[in-house]
Amino acid sequence: MISPIVSTKRTYLRSIRTADIDRGWLKWINDPEITKYLTHQGRSTREFLKNYLKSSTLPSAYMFAVCRKESDKYIGNARIHSLNWRQKRGAYGRMIGEKNQHGIGIGTEVLGLIAYVAFEILELNRIETGVISANVASIRSNEKAGMIKEGVFRESADIAGTFFDSIRFGMTINDYNKTDWSENITLHTDNIDKAMET
């Protein structure tokens, strides 16, 4: 593994780097099949992603590269954002860009890693997200990861001119403590210290 922060048996998160833009991120974000359920539509440039990365740093956000453990292959991104330190909450998202990594449970593992970072490292009380109602795979992986379906924002997301419901998921520290993520995730202390400093 290359500078892992947290890891499961198959997957780990490391700090994302500018070089990752050309290692897959730019290709994924401009692939309509990968981004069909994202509210951000349209072509993204390298410069746009550089600025996005610069804005995705603490104290407002924390962004990671998702990698496979056995090969160190970079396969996607994960992000905790909209951090409200007074209320101890934030939002989360992830994108598995490599299509051959879909449908094998990696997305669920990444949600577990996000939850671990949110509650064990950042010491938040709550994380939340919205999932487009047509994105069945994401809904299922949120449920499998222990996220709680909390409601529906009806026709709140415009995807290419069609309005979809947004399914709202959340997890509190109490919900997290009912899962077994803390038992199945390894924290790499030296690397988290370095990541928090940057």
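Use the structure listed above.
The shown structure was predicted, so the numbers you read here are calculated from the model rather than taken from an experiment.

(A) Quick look at the nonpolar core. Among the nonpolar cores identified, the biggest contains 37 residues, and V6, L13, I80, I114, V117, L122 and I127 are the most heavily contacted of them. Here this core takes 11 residues from helix α4 (residues 106-121), the largest share from any one element. Sequence-distant contacts of V117, defined by excluding residues within four places in its chain, comprise V6, L13, Y62, F64, I80 and L122. I21, I34, C67 and M95 belong to the second largest nonpolar core, which has 15 residues in total.

(B) Geometry of the sheet that holds strand β8 (residues 162-172). One open sheet accounts for 9 strands, arranged β7-β8-β6-β5-β4-β3-β2-β1-β9; its pairing is mixed. With partners counted over all chains shown, the strands left at the sheet margins are β7 (148-159) and β9 (186-187), one partner each. Of the strand pairs in this sheet, strand β2 (residues 11-15) and strand β3 (residues 62-68) are connected by 5 bridges, and their pairing is antiparallel. Following the sheet pairing, L13 is matched in β3 by V66.

(C) How the structure looks around the packing of aromatic side chains. Enumeration over the complete set of coordinates arrives at 5 aromatic pairs. Seen in terms of ring centroids, F48 and Y52 are 6.3 Å apart; in terms of plane orientation they differ by 25°. Their pairing is stacked. Here F48 pairs with Y52, and both are found in helix α3 (residues 46-55), just 4 residues apart, close to one helical turn. Taken together, the aromatic side chains of W25, F48 and Y52 make up a single cluster linked through ring pairs. Stacked on the ring of Y74, the Lys or Arg R14 has its end atom at 5.6 Å from the ring centre.

(D) Examining the pairing of strand β5 (residues 89-96) more closely. In this sheet, β5 lies alongside strand β4 (residues 74-84) in antiparallel orientation, the contact comprising 7 bridges. For G76, the partnering residue across the bridge sits in β5 and is I96. In this sheet, strand β6 (residues 126-132) lies alongside β5 in parallel orientation, the contact comprising 3 bridges. What sits directly across from R89, in β6, is R126. Handedness of the crossover joining β5 and β6 through α4 is recorded here as right-handed.

(E) View of helix α5 (residues 136-144). Listing the buried residues of α5 in full gives S138, I139, S141 and N142. Taken down its axis, α5 places every buried residue within 170° of arc, on the same side. Residues A137, R140 and K144 are exposed on α5 and point more than 90 degrees away from its buried face. In this structure, the buried residues of α5 make contact with β5, α4, β6 and β8.

(F) A look at the pattern of salt bridges. Evaluation of the coordinates by the stated rule reveals 9 salt bridges. Its salt-bridge partner being E109, residue R10 comes within 2.6 Å of it at the nearest N-O pair. Here E109 lies in helix α4 and R10 lies in the loop between β1 (6-7) and β2, a separation of 99 residues in the sequence. What makes R10 partly exposed here is its relative accessible area of 27%. E109 gets classed as buried once you look at its relative accessible area, which sits at 12%.

Criteria and cut-off values
- Residues numbered from 1 in each chain as written.
- Predicted model: local features only at pLDDT ≥ 70, side-chain atom pairs only at ≥ 80, totals over all residues.
- Heavy atoms only, no water.
- Core = buried A, V, L, I, M, F, W, Y, C linked by side-chain atoms within 4.5 Å.
- Buried < 20%, exposed > 50% of the residue type's maximum accessible area, 1.4 Å probe, protein only.
- Helix = DSSP H or I, 4+ residues; strand = E, 2+ residues; numbered from the N terminus.
- Contact = heavy atoms within 4.5 Å.
- Pairing = 2+ DSSP bridges.
- Phe/Tyr/Trp six-rings, centres within 6.5 Å; stacked < 30°, edge-to-face > 60°.
- Lys NZ or Arg CZ within 6 Å of the ring centre and 35° of its normal.
- Right-handed = clockwise from strand over helix to strand, strands pointing away.
- Arc of directions from axis to C-beta.
- Salt bridge = Lys/Arg side-chain N within 4 Å of Asp/Glu carboxyl O.

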